Each structure stands twice: as C-alpha cells, then as structure tokens.
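Commentary on secondary and tertiary structure
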Amino acid sequence: MRYVLFLIALLAAAPAFAQPAPPEARMLLPVPTQANWGRSRFTVKPDFTWQVFTPAQTAATPAADSAVAEAVERLVLPVLLPGRPQANRRRASPLPTAALVLQYGRPGSLLTVGEDESYTLRVTPMGVALNAPTHLGILRGLATLRELASPTKSGGSTLPEVDVVDAPRFPWRGLLIDAARHFMPVSVVKRNLDGMWATKLNVLHWHLSDDQGFRVESKLFPRLHQVGGQGQYYTQRQIREIVRYAGRRGIRVVPELDMPGHATAWLAAYPRLASNDSTYGVAPRWGVLNIAMDPTRETTYSFIDSVLSEVTPLFPDPYFHIGGDENDGRQWRRNPRIVAYMKQQGYVTEKGLPDKHALQTAFNRRVLALVEKYQKRMVGWDEILGPGLPASAVIQSWRGKKGLYDAAKAGHQAILSNGYYVDLNLTAASHYAPDPLPQDAPLTPEQQKLILGGEATMWAEFADSVIVDARIWPRTAAVAERLWSPAQVRDVPDMYRRLALLSPQLETLGLQHRKAPSQLLLQLAGSPAAVLPLRTLAQVLEPVKEYKRHFQGFKYTTQTPLNRLVDAAPAESDVAREFGAAVDKLLDYARSAPAATRFRDANGRQQLTSLREQLLQWQTNDALVQPILQQNSLLQEYAPLSVNLKTAAALALERLALLEKGQAPTAAWQTAALKQLDALKAPAGQTELAVLPHLRRLVETK
Ligand code: ACM
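These numbers come from a predicted model, not from an experiment.

Here is what the cut-offs are and how they apply
- Residues numbered from 1 in each chain as written.
- Predicted model: local features only at pLDDT ≥ 70, side-chain atom pairs only at ≥ 80, totals over all residues.
- Heavy atoms only, no water.
- Phe/Tyr/Trp six-rings, centres within 6.5 Å; stacked < 30°, edge-to-face > 60°.
- Helix = DSSP H or I, 4+ residues; strand = E, 2+ residues; numbered from the N terminus.
- Buried < 20%, exposed > 50% of the residue type's maximum accessible area, 1.4 Å probe, protein only.
- Lys NZ or Arg CZ within 6 Å of the ring centre and 35° of its normal.
- 1 Å grid on protein atoms, 1.4 Å probe; cavity = no way out; pocket = protein on both sides within 12 Å on 5 of 7 lines; lining within 4 Å.
- Points joined across faces, edges and corners; volume = space filled by probe spheres on them.
- Nonpolar A, V, L, I, M, F, W, Y, C, P; charged D, E, K, R; others polar.
- Core = buried A, V, L, I, M, F, W, Y, C linked by side-chain atoms within 4.5 Å.
- Pairing = 2+ DSSP bridges.
- Contact = heavy atoms within 4.5 Å.
- Salt bridge = Lys/Arg side-chain N within 4 Å of Asp/Glu carboxyl O.

Tallying each qualifying case throughout the model produces 18 aromatic pairs. Pairing tryptophan 172 with tyrosine 319 gives two aromatic rings, centres 4.9 Å apart and planes at 85°, and the pair type is edge-to-face. With tryptophan 172 in strand S9 (residues 172-178) and tyrosine 319 in strand S13 (residues 319-321), this pair connects stretches of sequence that are 147 residues apart. Given a relative accessible area of 1%, tryptophan 172 falls into the buried group. What links up through ring pairs into an aromatic cluster is the set Phe214, Phe221, Trp266, Tyr270 and Phe303. The ring of tyrosine 245 is capped by arginine 249, whose NZ or CZ atom sits 3.6 Å from the centre of that ring. Directly above the ring of phenylalanine 554 sits arginine 564, whose terminal nitrogen or CZ lies 3.9 Å from the centroid.

All right, on to empty space enclosed by the protein then. Under the defined criterion, the tally for this structure stands at three cavities of 30 Å³ or more. Counted as a void, the largest cavity has a volume near 130 Å³. Grouping the constituent residues of the lining of the largest cavity by class yields seven nonpolar, one polar and five charged. One number sums up the size of the second largest cavity: a volume of about 80 Å³. Along its surface, the second largest cavity is lined by 13 residues, and Leu110, Thr112, Glu117, Asn202 and Arg252 are the ones closest to its centre.

What follows is about the nonpolar core. Judged by nonpolar contacts, the single largest core of 203 residues is most densely connected at Trp206, Tyr234 and Trp266. Residues Trp172, Val203, Val394 and Leu452 belong to the second largest nonpolar core, which totals eight residues.

Once that is clear, we can look at unusual backbone geometry. A cis geometry characterises the amide bond from leucine 29 onward to proline 30, with omega recorded as 0°. Here proline 30 is to be found in the loop between helix H1 (2-12) and strand S1 (34-44). Going from methionine 259 to proline 260, the amide bond is cis rather than trans, its omega being 0°. Assignment of secondary structure puts proline 260 in the loop between strand S12 (252-257) and helix H7 (264-269). One non-glycine residue, histidine 262, lies in positive phi territory at about 50°. When you line up the elements, histidine 262 lands in the loop between S12 and H7. Classification of histidine 262 as buried rests on a relative accessible area of 4%. In this structure, glutamine 375 is a non-glycine residue whose phi angle is positive, near 60°. You can see glutamine 375 is positioned in the loop between helix H11 (356-373) and strand S14 (377-381).

With five of five residues buried, strand S2 (residues 49-53) is to be regarded as a mostly interior element. Of the two faces of S2, the one carrying Thr49, Gln51 and Phe53 and the one carrying Trp50 and Val52 are both buried. Summarising the sheet, S2 and strand S4 (residues 100-106) pair through four bridges and their orientation is parallel. Directly across from tryptophan 50, in S4, lies its bridge partner leucine 100.

Before going further, it helps to spend a moment on the environment of leucine 426. Mapped onto the elements of the fold, leucine 426 is located in the loop between strand S16 (414-416) and helix H13 (428-432). Separated by 20 residues in the primary sequence, leucine 426 and glutamate 446 place their C-alpha atoms 33 Å from one another. For leucine 426, the residues in contact, after removing those within four places along its chain, are His431, Arg475, Lys545, Glu546 and Glu572.

Here the focus is the pattern of salt bridges. The tally for this structure, following the rule as stated, stands at 42 salt bridges. Residue glutamate 70 pairs with arginine 74 through a salt bridge whose shortest N-O separation is 3.7 Å. Placement of the pair is glutamate 70 and arginine 74 together in helix H2 (residues 61-80), with a separation of four residues, close to one helical turn. For arginine 74, a relative accessible area of 54% translates into the label exposed. A salt bridge links glutamate 117 to arginine 173; the shortest N-O distance between them is 2.7 Å. On the criterion of sequence distance, the pair formed by glutamate 117 in the loop between S4 and strand S5 (119-124) and arginine 173 in strand S9 is long-range, its members being 56 residues apart. Taken as a pair, glutamate 117 and arginine 173 share a single burial class, namely buried. Because the salt bridges share partners, they merge into one network encompassing Arg26, Glu481, Asp494, Arg497 and Arg498.

It is worth spelling out the pairing of strand S8 (residues 157-166) at this point. Within S8, nine of the ten residues are buried, which leaves the element mostly enclosed by the surrounding structure. Where S1 and S8 come together, eight bridges link them in antiparallel fashion. Directly across from valine 44, in S8, lies its bridge partner serine 157. Pairing of S5 with S8, which is carried by five bridges, proceeds in the antiparallel orientation.

Following this line, the structure appears as structure tokens:
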C-alpha cells in the first residue's frame, strides 16, 4: 500500500482543483459524473511508461490484465504517443514509478449485468492515475483518457489536469447491429466494437437472422447458413473471435435469432418449419412479411431446441434474444389446421375468433423453456409482452415508452430502444432526448430497478458494410451519453460541440463514418475536382426520414447497390444544422441591435457576411454541379435538388439584403417566397434538402 501513500503525496502536490473547466478541456463524451478541472497539463513524452497494479490475484486476473494491457497498447497509446506507440510497460514494482499507473481491485465479471464499472482518473502535472474497483472500470477510464489527449509537435501529447470520478447511470448500454439485412464482415463488427468501447457502450446486440438472411454457421443444419445465409455468414470460429474481441473491451454480446416472424431465411432452408405448404427463398425485398414458423408442431420446437443447443454455447452471455416482433398472425389464421389447433387449445378471443396473441404467447413460453434449458435468460421485443409471459423474460421496447413501463409493472426487466433507432436518419438531438427513466416515470422504486438501460438500433436495410459506420456514428454517441451520464446532462448545443470533437477521434480508431461517404462521393464524381461541387450539394442533403425510403417509387431489393448520392448524404447534415444556428443567431442580433448601428459593428457584419457567403456558394454551385450530375446515370435524379437549392438560396439572399437595409419585405413578396420554398421540399432520389427549414425561418422573418 506504500504506493497509495505516494499517490496521495503526488496529488497533494498538485494545484487546487475545482477550477472552472477551461472550455477546450470540456471535451468528454459521455460527460462523466464529476470532473474537476485544473489549470495545468501533463505532457506525454517519448520516455513515457505505464504500469498496472492488481492487488487481488484470482484465476481471472491474467485475462483481465491482458485485456487492460491490450486496451492501453492498441487503443490508448497510439493517441498518447502517436510518434512511438510501443511505450514501455513497467513491470509491477513496490512503488509506482510509471507516468501512467493503473490500479484495479479485482477482475470484473463481464457477464454480470450491473457489475461495477466505476473509475477515478487523475491527471496531474506529474502523471496519470487510473483507479477502479474492477478491470471493467479501468477499461471505461481508458476511454476517457483517450479523449483527453491532444497531440504535441514532438510526437507525444498533452492531457489537461483533471480529477474525474465516474460511473454509469444504466448497466445496459447497447448497440444493435443488424447483420441479417446486409451482412457485416468481421472487420466491420470489430471496428464498431472499438467505437462502442470509446463511448462506453457495453452490449453488442447482434441481430443474426431475419427474412433476408441467417448468419450463423450451423454444423447440425448446414442449410441454415448455406441457403438461409446465401453463403454470407459467420463461422463459429469467427463468432468466438468477435465475442472474445468484445469481451476484451468490456462489451457483452447478446445474439438474436428472430422468431417466429422475421424468419423466412429459416424456412427457405427448412420448409418443414413453415405455417403452410409454400416453399420460400430468402426474402429478396425489405418490409414486414408476416411469414411465420408453425407454432403448432412439435417438430418446430425440437428444431429450435437443436439450433439453440448449437448456438447458445457460442455466446457466454446469460441473455439470448428471440426477437418476437412483427408477426400479425395472418399465416396462422389462413391455415385451417392451425385455426383448429387454436380453437382446441382455447386460443380464442372473447368473440370466439382465433387469437394470434395467445398462440404466440404459447410459442414464446415453449421457446423460453428451451432458452432456459441452456441457462439463458430470454429477451424479446415488446410484442411478446402479455398475460401468461413468465416474468423472467426481458422486454425490449421499440414501439413506445408504454411497453417499457408495462413490462416493468409486470415484473420484467426492460430495455428501451424506442427513440434510439439510428437507422431512421433522425437527428442526434432526437436520440439524445429520450430517457429510459425520466423523473416522471410512472414506476415504483422497485419497478425502476427493472429498467436496465437502452440500446441504439442499426437496422441495415439501407446500410451495407461500407456505409454502415456513417449511419451509426457519431449520432449513436448521443445515445451512449444518455445511458451513461447523469440524467441532468441535457445541453443539446454542448452535446453537438462535443460530438464534433469525438467524431474524428472515432475515425482514428478505425471507423469510417467520414471516410466512406467521401470515398463514395469521389467515386460518383469521377475526379477530385468534380467532387467539390458534388460535396457542396451532398452536404446539405439528408436521406428521407424514418422508413420513407421504402415508399418513394424506387424499388429496392437486397441486391440493390447502396452507391447513390442518398447513401453518401449524411443522416444529419452538420452544414445544415450549423447554418440553422447561424440564422437564429443573426435573427436574434437583428432583433436586439439598435437600428442606428445594426450591421455596422464588426460582429453584425461578420455574421451577415458569413451567411451571405454560404448562400452565394449554394446559389452558384448549381452551374458547377449540373454537368457532373448529368454525366453519371446514378446522379441524374438529383439534378432538381441542386436547382432547388439555388432557388432557395436566392430567396434567402433577397431577404438578407432587406434585413441589412433595415427594410421589411412586402407581404406579397413574403407570401410568394414562402409558397415557392414549400414547393422546393419535394424529395428526389430519396433525399431532401436539409437547409430548407432554416432558409424558411430567414425568409419568413417580419
Ligand atoms: C423492430 O424494429 N421490428 C424490432
């Protein structure tokens, strides 16, 4: 314990903490529970050393130590010491002599939901101390340490003086990756696990089967991956490799095999599972098919039993997800044999009609018994909630908050995903707002304990392995903060400020959310010169929201290449959002500045000039980009949007000119301009102009 005294001495020598945070230092995302910033810095130099102290030796210590060492070496040192990432590890010694000293009390139990992930991180001018009760806390603190570093000219970095005390708000902080709709190769999953580590997410929910694919190698039923997966699947060895990779980053892996609906890939491989005599191929299109397994036959359950006997041992996690969503029971109602079974079993409504819910609950109970036979807890989407479902089932609420609360009231553990659907191309702010446990949650303290946390969901109908990072990051970090940080951390502009700092850091981890869309634009433009005007347009486009992309006349199949401008367009346009903030600032200024000096001071002039320059760029971009759009058949459909951008910018420039002169627009001009702007909203190529609402605010100002 002598080194503890040494650390105390070291910290006592540091200048007083509790300084207001220097603005450039408040970069952490998620925001920690507590951070007291100092005024000094620690400089990481080429002679930097690090050391791990693990007092309690147990059988699990070597694995925990090597996970910590791997995190330091692979994830943190390349940022602390970009010029020389193989910095010296000092072996344990009586005294901590290294610049970075890590100390944890015991190996954390990764598979225990609610395991201690807390840590303290102290950066003083003399060194860095990261302490945690478990090695999982060390892994979380290392993610914080990585975010603090700024590079120096001499190949090292500097860290701001700070004292962080931190712990998660929720124990279940997940990201669903859908590898069924588009297969996501091992490298894609791994780099996203790194992103999860960086944002302190701790559950990968791996959606492994759906109508369009079954992605797990099965030695018992090889047609599952051969026919159901069309050859695109994870071998059992690859699954173990990913589970191990995740575990070493403190991330659990919960697999999902969706049933009885969303299971066409199973039926394509083994038609005897189907609810009718049809034969199926894996689904070639997207959408809710309402094709379901036959829940009345014993052979269905013996088949599921065998699949679980093979799949559950691949995943050490105690939870197993059975899906259970989006089956309206139409195939059951249309089969006289199944209807007769429902009547015979009493699965009927008060009016005596076949009750699909009762039959699905019976199915869920059978599957739950099988899942429990393999020592797993069953998780399902909120459709499985209902009378007769054993309380041991965990409910994942996607259709609304109600399912979450109903589940907890009925004694189920529950997870929130409603509001966290990052595949819908909504804003980070919209995902940041929903709280699994707001102050007014209608739950008793006991019921509140059943709310485990939440999961962002990346459904992959419109995301392939190339573009998926850009659909997940950086917006998923907003969900990560909601699930980790204290409830009162809710400042939206500050979240965006920190998201912009985090985003490039995520790319240095290997994610491609910025690189991949850039590359796609270059491919579409055909030359580096042509890419500039194309980017100006693409940066203010967003894919149409929610699931509208399915319904705009363009027929997608699972084979449709995701290589159009809509795929390169950001889910949330930073350029549009920042322009919107600049418009609001200018309008505030115009309202509050005295008429005599308005737009004559440097601040007013600067605001006006920068807005005008942006509008002029959009106005003149059309002439530059049209030839590029016309020369590529994949781009032609976007030509009207560029014209619309030009038209809208011209209207905004007119309004800006009047504003500068202090003149009000005529009512006639304004009415006509707003009508024109509304007409420009029509999407093209499944994208829309993200700047229109901001231009409208400018134009409609009195
Ligand atoms: C779901 O989005 N169908 C769970």
